[in-house]
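# Remarks on the overall topology
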Amino acid sequence: MSTPTATNGIHDRIRGIFRTKLNVEVPSADVDIIETGLIDSLTFVDLLLHLEQEFGRKISLESLEVDDFRSVSRIAEFLGRPDLPQAPQGS
Amino acid sequence: MNIIGISGIEQSMPFKKKHWPGLDEREYRISQGHDSAAALLVDGEIVACVAEERMNRKKHSGDFPAGAIRYCLEEAGLAPGDIHELVHGFDYLPYRAAFAMDPVSDALYRDVFSREALLSLVGRDLPGFPAERVHHVSHHLAHAASAYYTSGWDECLVIVIDAMGEIHGATVYRGRGGRLEPIHSASAHDSIGILYSLVTLHLGFDFNSDEYKIMGLAPYGDPERYRSFFDGVIRLNGDGSFHIPLLRMNKTRDERENYLASRAFLRERLIKERSPQDEITDEHRDVAASLQAQLDKAMLHLCAHFGKVTGLRRLALAGGVALNCTANGKLLRSGIFDEIYVQPAAGDDGTALGAALQRAAAAGEVANKRMPVPFLGPLHDAGRIDAALRKVEGRIEAVRFANLDDACGEAARLIAAGKVLAWYRGRMEYGPRALGHRSILADPGHPQMRERINSMVKMREAFRPFAPAVTLEQVDRWFDVPPMTELPYMIIIVDVRKEHRAALPAITHVDGTARVQTVSAKDNADFHTLLRAVGRTTGREMVLNTSFNVKGQPIVNTPEEAIDTFLGTGIEYLFLENILIRRREQ
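Residues numbered from 1 in each chain as written. Chains lettered and ligands numbered in written order. Predicted model: local features only at pLDDT ≥ 70, side-chain atom pairs only at ≥ 80, totals over all residues. Heavy atoms only, no water.

### Focus: the pairing of strand β21 (residues 573–576) of chain B
Regular strands have side chains that alternate between both faces of the sheet. Residue and element names in this part refer to chain B. Because side chains alternate across β21, one face comprises the buried residues Y573 and F575, and the other comprises L574 and L576, equally buried. Bridge count between strand β14 (residues 421–424) and β21: four bridges; the pairing is parallel. Looking across to β21, one finds that L421 is bridged to Y573. Examined bridge by bridge, β21 and strand β22 (residues 579–583) share three bridges and lie antiparallel to one another. If you follow L574 over to β22, its bridge partner there is I581. Linking two consecutive strands that pair antiparallel, namely β21 and β22, is a turn of two residues; a positive phi of about 50° is found at E577 within it. (Buried < 20%, exposed > 50% of the residue type's maximum accessible area, 1.4 Å probe, protein only. Helix = DSSP H or I, 4+ residues; strand = E, 2+ residues; numbered from the N terminus. Pairing = 2+ DSSP bridges.)

### Regarding the environment of L51 of chain A
All names here are of chain A. Tracing the backbone through its elements, the reader meets L51 in helix α2 (residues 41–55). A C-alpha to C-alpha distance of 10.0 Å links L51 and F18, two positions 33 residues apart in sequence. Excluding residues within four positions of it along the chain, L51 makes contact with I14, I17, G56, I59, F69, I75 and L79. (Contact = heavy atoms within 4.5 Å.)

### Examining the sheet that holds strand β13 (residues 396–400) of chain B
All names here are of chain B. What the eight strands build is an open sheet, ordered β13-β22-β21-β14-β15-β20-β16-β19; its pairing is mixed. If you trace the sheet from one side to the other, it starts and ends with β13 and β19 (517–519), each paired once. Across the sheet, the axes of successive neighbouring strands diverge by a mean angle of 30°, strand direction being ignored. Of the strands in this sheet, β13, β14, β21 and β22 are in contact with helix α21 (residues 559–567), which crosses β21 at around 175°. (Axes fitted to C-alpha atoms, helices over the stretch in contact; angles between N-to-C directions.)

### Quick look at the side chain of E52 of chain B
All names here are of chain B. Within the secondary structure, E52 sits in helix α2 (residues 52–56). Put simply, E52 is tucked away with no salt bridge, and the nearest opposite charge, on R70, sits 6.7 Å away. Excluding residues that lie within four positions of it along the chain, E52 makes contacts with S36, A37, R57, S61, D63, F64, P65, A66, G67 and A68. (Lys, Arg positive; Asp, Glu negative; His and termini not counted. Salt bridge = Lys/Arg side-chain N within 4 Å of Asp/Glu carboxyl O.)

### Some remarks on unusual backbone geometry
Residues and elements named next belong to chain B. The residue D43 is not glycine, and still its phi comes out positive at about 50°. One can find D43 in the loop between β2 (37–42) and β3 (45–51). Positive phi is not limited to glycine here, since R57 has a value of about 65°. Within the secondary structure layout, R57 lies in the loop between α2 and α3 (66–76). Residue classification places R57 among the partly exposed residues on the basis of a relative accessible area of 24%.

### Observations regarding the nonpolar core
By size, the foremost hydrophobic cluster in this structure holds 187 residues, and its most contacted members are F18, F44 and L51 of chain A together with F479 of chain B. Sort the elements by how many residues they give to this core and helix α12 (residues 282–310) of chain B lands first, with nine residues. Not counting chain neighbours up to four residues away, the residues in contact with F44 of chain A comprise I39, L61, L64 and F69 of chain A together with A98 and M101 of chain B. With 22 residues, the next largest nonpolar core counts I6, L40, V50 and L126 of chain B among its residues. (Core = buried A, V, L, I, M, F, W, Y, C linked by side-chain atoms within 4.5 Å.)

### A few points about the environment of A345 of chain B
All names here are of chain B. Tracing the sequence through the fold places A345 in the loop between β12 (339–342) and α14 (350–362). The exposure class assigned to A345 is buried, which follows from its relative accessible area of 0%. With 140 residues separating them along the chain, A345 and T485 place their C-alpha atoms 20 Å apart.

### As for the packing of aromatic side chains
Residues and elements named next belong to chain B. One pass over the full model with this rule turns up 15 aromatic pairs over all chains. Relative to F99, the ring of Y92 has its centre 5.8 Å away and its plane inclined at 75°; by these criteria the two rings are edge-to-face. As far as the burial class goes, Y92 and F99 line up, both buried. Put simply, the rings of F90, Y92, F99, Y109 and F113 touch in pairs and so form one group of aromatic residues. Seen from the ring of Y424, R438 lies directly overhead, with NZ or CZ sitting 3.9 Å from the centre. (Phe/Tyr/Trp six-rings, centres within 6.5 Å; stacked < 30°, edge-to-face > 60°. Lys NZ or Arg CZ within 6 Å of the ring centre and 35° of its normal.)

Keep in mind these numbers describe shape, not what the thing actually does.
Right under this line is the structure:
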């Protein structure tokens, strides 16, 4: 189980991706980024790529559940799953 | 195998019109899937390729290429049932989840981009065609395949750069041993092609269509004036990529669809938007110049980085941005690569060929050979030409020459006398350029020739230069290139030699460059014969060569279209194969 500090660290890293890589300001960790229209399909694919690079985990676009990416909190939970494969080197 | 590749997405513009009614007509071109085409490979050999616009006569048509497919099948004597694979140069399936972000994108995927949407068109135009024979190749891979498998090189760097594929704006591949390996991709949110098109729209021209006009306008402007603006817009990264924050400003679905925030930024921070009917001023010329300079820089940045990283000295290019002859010329002159090949149908029509090549290569059928001059379209025989002439016999006079040499002799005499003639023969070109089979020709040294052609036929913007076609043997005499430099596709700009610029006013751009086409006896024999004859009458084996069409019309395909265009304009003579046609004196 993650400690609150570790969780905050992951949240910050995810929000950092939104801010610096995607030019998207996410108001809070629980805001629904899809429902509020903060990201579009292109940005979503970009997001997955940056998450893979930042966290070294492989995210399959073809088999993912969009609901897992609705908020910074949900993304952090998703990335914490032990069954998530490692991203290939250099991806 | 018989493989037909296709491009275009028919439902794309209608979907946009339904969901965003009331936009300016030019804004509907901010959409995917224009330039439909079909290409047929038989056992890996290119048999026929044609853009649908030449068949249905709608410029840049994105319609399902039913007419183009029909032609390809006729060319090979095949029936639809003989097609083993029908391959589309788009593959959206991997991005299904990404399009579920909002209801409109979801509908866009379902109604426009999905396999089911394509299959419904196949069912409409090729009834009974088995769905399991329909395949998809991702858009940039199709572009890359069109370049790599026609390059004749076993190993090279392959760079695709366009507005966007499914989600990417540029993709870099290493082509080696008959395979393409992706090594870098850039998001469409950092697409220099989209940026170029947005500025094209901002300057009063058409998005996804008129970018070449901005390229033509650029040499009249001062690239320094807006340099700092564009330096801020396109940020070059150390890893060879670039970042374009301007394209990420759009936050709502409507803004994203039509780049509203990006365009507002251009209005507020660059210059005000020009309407198509407004006069072109220095301000517009300077924006074009600054934009083009930034594109040149970004292309060099991307290509140089991946050339260095891979150590490859041969570069193959495709994608709409690869039609930018100025940027290609800068790349060629940079010396970064020993050789550069730009696939002549670099726009989306070329993805029809690329999609087919990719599937054929996977099946081990492709012998990678350099693309010939792409005379891959319809040929209309003497019977068809005679039938077309009979329909207008009261309005024309026809003189039949015994052979090509005699026809060329007369054409050369007319060109030397300052006449403008249309030159129609053989199979139609694939790709945007007329390369000597559907051309309008004139003497490039004749004073006022540019203005004459513009007023009599092209009705086009006065700032746009015409291009020269020259024999391979004489290219270095007139242009600043090594002897026998092959530039057969009219897709790379070179310098006109300083001492000849004043004598070649119709084809020399204001910056001393020209978009030259070299013509060899091996690859373009009939046109070469004509240029040799012209050399005997003018002293230069060179003509001004522009496409045989009027503004807004696709290049002519059939003899009937050639005659109609001839009679509807001020073109003085028309050669249909070896028949000279002129208007009957009233």
